[in-house]
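# Analysis of the macromolecular model
As a plain string of letters, each chain reads:
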Amino acid sequence: MSVFTAATDQSICTPLPVLGRDVTVPLVTGGDVTYAALDYAASAPALQRVWDDVAAYAPYYGSVHRGAGYLSQLSTDLFESSRKTVAEFLGCRADDQVVFTRSTTDSLNLLAAVIPADCQVFVYETEHHASLLPWRDARVTYLNAPRTPAQAVETLERALTDRDPYGPALVCVTGASNVTGELWPVKELAAAAHAHGARIVLDAAQLAPHHPVDIDELDVDWVAFSGHKLYAPFGSGVLAGRADWLQDAEPYLAGGGASRKVARRTDGGVDVEWHSTAARHEAGSPNVIGVYSIASACKALTEAGFDGLVAREQELVTRVRAGLAEVPRVKVLSLFGDDAPRVGVISFVVEGWNSSHFAAALSAEYGIGVRDGLFCAHPLVRTLLGSDPQDPGECGEPEAEPGERSLNAIRVSFGAGTPDEHIERFVRAVKELVGKGARWTYRTEDGRCVPDRGTAQV
């Protein structure tokens, strides 16, 4: 069974320039250190290229689509050319639509709002909440966490075989887990969905920044992703794919931009003719700068070459996993096993440590930013930790005191802008914390673990 694989061209590129690469932060133990941003899975730093492009455009910013002035026309051209750039980046088919949204979450809620009323939705419990929760008005079947890519396909095929064969159906699946980084067999899942008359949407929030995503090659019906994970800030996202459900449904938001014609009726009401293009679901003044930043990031990643980016990231993944494997009491979380292909997202727990305490020590004593908690994927993390689904363990729960075991995990994530030194510092810090303990004392404040100022560990 095929899954996404590493690039065959092993020419490894250097880290791409990102904002914040020279920012220094204070250490609780004294002095400053260059900040090691290892929380890419939450929000990746902006590429310098993206920032420069946005800064060059900013003086020419104007409202799009309806202005006669030069800046409005320029901004409209920029907005629509950005749509074309994103379509090329995703390998969209000729009749696909690219709709700009606020985020992956917004994109999937948009899709949930336009699916047919009798649609059955199939979603794995392993999904991020952005793709697990939007389907509130549909008939939803939640699929258990598979333990191999083959089992993922088999589980879906069984569920689709048992469904009502006469109504529409939609499968929602991630491309790369935001918890384990593991790559899912998207092409095989798409084939299974289509064989049973279902459609499929790919949550590519964690995949698109690390791997090429081609809608046509994967044969998925829609792709959703966020700019802020693709090295593009300013709060914009994308839903790209088949146009029919989008065209047949009422607009996601009603307002200017979505409407072509509005007229009063003789009975006092209003008649509305909605756009049939992507504008149908883009009511209001769009986030032109956010959209342009996504297009800039798409161009930057394409020009850098995914072969080299993937090869270098796999080197970093190998080094992190090898370093963690040398540390006793560290357990790396995985669904598909050690040999599964993955992107630069790795979650782990340390026996005897509260995860918030460990993450706080990495930050305060080493200047390393990671994430701790359940990563907006509560069912998956609890499954991986072997805890009961009803157990407590929300992110930052105050009952988890420093030093106590928690039901949360620690996540380190990295990508195209990560320097080697950040990886080396992280591995060294984990070894020192596990081997020698924290050098400072910590307390829980407002549900977070924070250092006690001026109280070094004795």
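The structure under discussion appears in the preceding block.
Keep in mind that this is a model prediction, so the values were computed, not measured.

### Regarding the overall build of the protein
Scanning the protein from N- to C-terminus turns up 13 helices and 19 strands. Relative to a compact globule of 458 residues, whose C-alpha radius of gyration would be 23 Å, the protein shows 23 Å and is just as compact. Across the 458 residues of the protein, 55% fall into the buried class. Sequence separation of 24 or more characterises 71% of the internal contacts of the protein that already satisfy a separation of 6 or more.

### Remarks on the sheet that holds strand β14 (residues 345–350)
The antiparallel open sheet is built from 4 strands, whose spatial order is β13-β14-β17-β16. This sheet does not close on itself; its edge strands, each paired only once, are β13 (330–332) and β16 (371–373). Averaged over all adjacent pairs, the angle separating strand axes in this sheet is 30°, with direction ignored. Pairing between β13 and β14: 3 bridges, direction antiparallel. Bridge pairing in β14 places Val 330 opposite Val 350. Seen against the sheet, helix α13 (residues 420–436) touches β13, β14 and β17 (409–413) and runs at an angle of roughly 10° to β14.

### Concerning the pairing of strand β10 (residues 237–241)
Most of β10 is tucked away: 5 of the 5 residues are buried. Here β10 shows no split at all, with Gly 237, Leu 239 and Gly 241 on one side and Val 238 and Ala 240 on the other all buried. As defined by bridge partners, strand β9 (residues 222–226) adjoins β10 across 5 bridges and the pair is classed as antiparallel. Residue pairing across strands places Ala 224 opposite Leu 239, the latter belonging to β10.

### Notes on a nonpolar patch on the surface
Residues Tyr 60, Tyr 70 and Leu 71 make up a contiguous nonpolar surface patch of about 340 Å² in total accessible area. Locating Tyr 60 in the fold gives a position in the loop between α1 (48–57) and α2 (70–90).

### Some remarks on the packing of helix α5 (residues 149–161) against helix α6 (residues 186–195)
Close contact between α5 and α6 brings their axes to 10 Å; oriented N to C, the two are set at 15°. Classed by the angle they form, the pair α5 and α6 counts as roughly parallel. α5 and α6 meet at a crossing whose hand is right-handed. Listed contacts from α6 to Ala 152, Val 153, Leu 156, Glu 157 and Leu 160 of α5 are Glu 188, Leu 189, Ala 192 and Ala 193. Per-class residue counts for the contact of α5 with α6 are 7 nonpolar, no polar and 2 charged.

### Here we look at the state of the cysteines
Throughout the structure, instances matching the rule amount to 0 disulfides. Note on Cys 298: no disulfide assigned, nearest cysteine sulfur contributed by Cys 92 at a separation of 10 Å. Judged by its relative accessible area of 1%, Cys 298 is buried.

### Describing α13
Along its 17 residues, α13 runs 24 Å from first to last C-alpha, staying within 8% of the 24 Å computed at 1.5 Å per residue. Those residues of α13 that fall on the buried side of the exposure criterion are His 422, Ile 423, Arg 425, Phe 426, Val 427, Ala 429, Val 430, Leu 433 and Val 434. Of the residues trailing α13, Gly 437 is marked for its positive phi of about 85°.

### Remarks on empty space enclosed by the protein
Counted according to the given criterion, the structure contains 1 cavity of 30 Å³ or more. Counted as a void, the largest cavity has a volume near 40 Å³. In terms of residue class, the lining of the largest cavity is built from 3 nonpolar, 1 polar and 2 charged.

Reading guide: rules and limits
Residues numbered from 1 in each chain as written. Predicted model: local features only at pLDDT ≥ 70, side-chain atom pairs only at ≥ 80, totals over all residues. Heavy atoms only, no water. Helix = DSSP H or I, 4+ residues; strand = E, 2+ residues; numbered from the N terminus. Rg over C-alpha atoms; globule rule 2.2 N^0.38 Å. Buried < 20%, exposed > 50% of the residue type's maximum accessible area, 1.4 Å probe, protein only. Contact = heavy atoms within 4.5 Å. Pairing = 2+ DSSP bridges. Axes fitted to C-alpha atoms, helices over the stretch in contact; angles between N-to-C directions. Patch = residues over 30% accessible without salt bridge, like charges linked within 9 Å, V, L, I, M, F, W, Y side chains within 5 Å. Areas by Shrake-Rupley, 256 points an atom, 1.4 Å probe, with all protein chains shown as cover. Salt bridge = Lys/Arg side-chain N within 4 Å of Asp/Glu carboxyl O. Parallel < 35°, antiparallel > 145°, perpendicular 65-115°, else oblique. Left-handed = near helix turned anticlockwise from the far one by under 90°. Nonpolar A, V, L, I, M, F, W, Y, C, P; charged D, E, K, R; others polar. Disulfide = S-S within 2.5 Å. Expected span 1.5 Å × (residues − 1). 1 Å grid on protein atoms, 1.4 Å probe; cavity = no way out; pocket = protein on both sides within 12 Å on 5 of 7 lines; lining within 4 Å. Points joined across faces, edges and corners; volume = space filled by probe spheres on them.

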